[in-house]
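One letter stands for each residue in the lines below.
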Amino acid sequence: MSGNQTKKDVSTSTRRAIIDLLKERGGMDVVALSSQFSLSGMAIRQHLNALKEEGLVTNVEEARPMGRPTKLWILTPAANRFFPSGYSDLSVSLIHSMKEAFGNEGLDKLLDVRNKNMQEQYLQHLGNASGVREKLEKLAEIRTNEGYMAEVKEQDDGSLLLIEKHCPICEAAAVCTGLCKNELHLFKTVLGNNVHIERGEYLLAGGTKCVYTVRQNKP
């Protein structure tokens, strides 16, 4: 293998690693990326500019309390091709076909059946989990296995966040909003009546991830 080919392979590997990290962490600046890869800022910028030319990343400015705004690098929707797609083209085609064959009412009934089946599977996986945190951790585990790259984070006020950094059915959900509506209902059902859950950041509304805030209802 030639030296040029080796260098090219290393660059490709590094750029894919940058894509993975931005998917995992969200927006990051050059300094943060440099520290993760032990590369100079100049080297990171070269990789980012190459990814930008491919349409895989872009940058936005984030205001800081002091000093000038910071440039954060984020993934574009085009980068979704590197992550599980959930057979998006087939799913979208089937949704259109079901609407044509059964109408919106028929599609809603099919989604209800899907939601019921998922509910049974999720409850089985949650098993004897007790407490909101344990249930949410198991739910995140299920969702990660399904390609959603989910994690749980605790807030200062004691509330919990269910964060999904990828949506393998995003294209299908864009043409069938009932999928997202049913998912929110599914989460509420499996987590229990003593839990309040609401969606904040939303991929289909321009967010970089889907974020659900979970609070235990006061007795």
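The structure under discussion appears in the preceding block.
What comes next concerns the included structure. Everything numeric here is computed off the predicted structure, so don't read it as measured data.

The final tally for this structure, using the stated rule, is one aromatic pair. Where Phe187 meets Tyr212, the ring centres are 5.1 Å apart and the plane angle is 85°; that geometry is what we call edge-to-face. In this pair, Phe187 is assigned in helix H7 (residues 178-191) and Tyr212 in strand E6 (residues 210-216), connecting sequence segments 25 residues apart. Looking at Tyr212, the relative accessible area reads 1%, which means it is buried. Here the guanidinium or amino end of Arg143 rests over the ring plane of Tyr148, the centre of that ring lying 3.7 Å away.

Before going further, it helps to examine the side chain of Lys23. In this structure, Lys23 sits in helix H1 (residues 3-25). In this structure, Lys23 is buried with no salt-bridge partner, the nearest side chain bearing the opposite charge being Asp20 at 9.3 Å. For Lys23, the side chain forms a polar contact with the side chain of Asn80, separated by 3.2 Å. Other than its neighbours up to four places away in sequence, Lys23 contacts Leu75, Asn80, Phe83, Met149, Lys165 and His166.

With antiparallel pairing, four strands are arranged side by side in an open sheet as E3-E4-E6-E5. Strands at the two margins of the open sheet, each flanked by one partner only, are strand E3 (150-154) and strand E5 (195-199). Recorded for the sheet is a direction-independent mean angle of 20° between the axes of neighbouring strands. Strands E3, strand E4 (160-164), E5 and E6 of the sheet are contacted by helix H5 (residues 132-145), whose axis makes an angle of about 155° with E3. Of the strands in this sheet, E4, E5 and E6 are in contact with H7, which crosses E5 at around 160°.

As a further point, take the packing of helix H2 (residues 30-37) against helix H3 (residues 41-53). One way to put it is that H2 packs onto H3 with a least axis distance of 9 Å and a crossing angle of 105°. Between H2 and H3, the interaxial angle falls into the category roughly perpendicular. Side by side, H2 and H3 meet where Val30, Leu33, Ser34 and Phe37 of the first sit next to Gly41, Ile44, Arg45 and Leu48 of the second. Looking at the contact of H2 with H3 residue by residue, the class counts come to five nonpolar, two polar and one charged.

Moving on: the pairing of E6. E6 sits mainly inside the fold: five of its seven residues count as buried. As judged from the five bridges shared by E4 and E6, these two strands associate in the antiparallel manner. Following the sheet pairing, Ile163 is matched in E6 by Val211. In the sheet, E5 pairs with E6 via five bridges, with the strands oriented antiparallel. Following the sheet pairing, Val195 is matched in E6 by Gln216.

Rules and cut-offs
Residues numbered from 1 in each chain as written. Predicted model: local features only at pLDDT ≥ 70, side-chain atom pairs only at ≥ 80, totals over all residues. Heavy atoms only, no water. Phe/Tyr/Trp six-rings, centres within 6.5 Å; stacked < 30°, edge-to-face > 60°. Helix = DSSP H or I, 4+ residues; strand = E, 2+ residues; numbered from the N terminus. Buried < 20%, exposed > 50% of the residue type's maximum accessible area, 1.4 Å probe, protein only. Lys NZ or Arg CZ within 6 Å of the ring centre and 35° of its normal. Lys, Arg positive; Asp, Glu negative; His and termini not counted. Salt bridge = Lys/Arg side-chain N within 4 Å of Asp/Glu carboxyl O. Polar contact = N/O pair within 3.5 Å; in protein donor to acceptor, adjacent residues only side chain to side chain. Contact = heavy atoms within 4.5 Å. Pairing = 2+ DSSP bridges. Axes fitted to C-alpha atoms, helices over the stretch in contact; angles between N-to-C directions. Parallel < 35°, antiparallel > 145°, perpendicular 65-115°, else oblique. Nonpolar A, V, L, I, M, F, W, Y, C, P; charged D, E, K, R; others polar.

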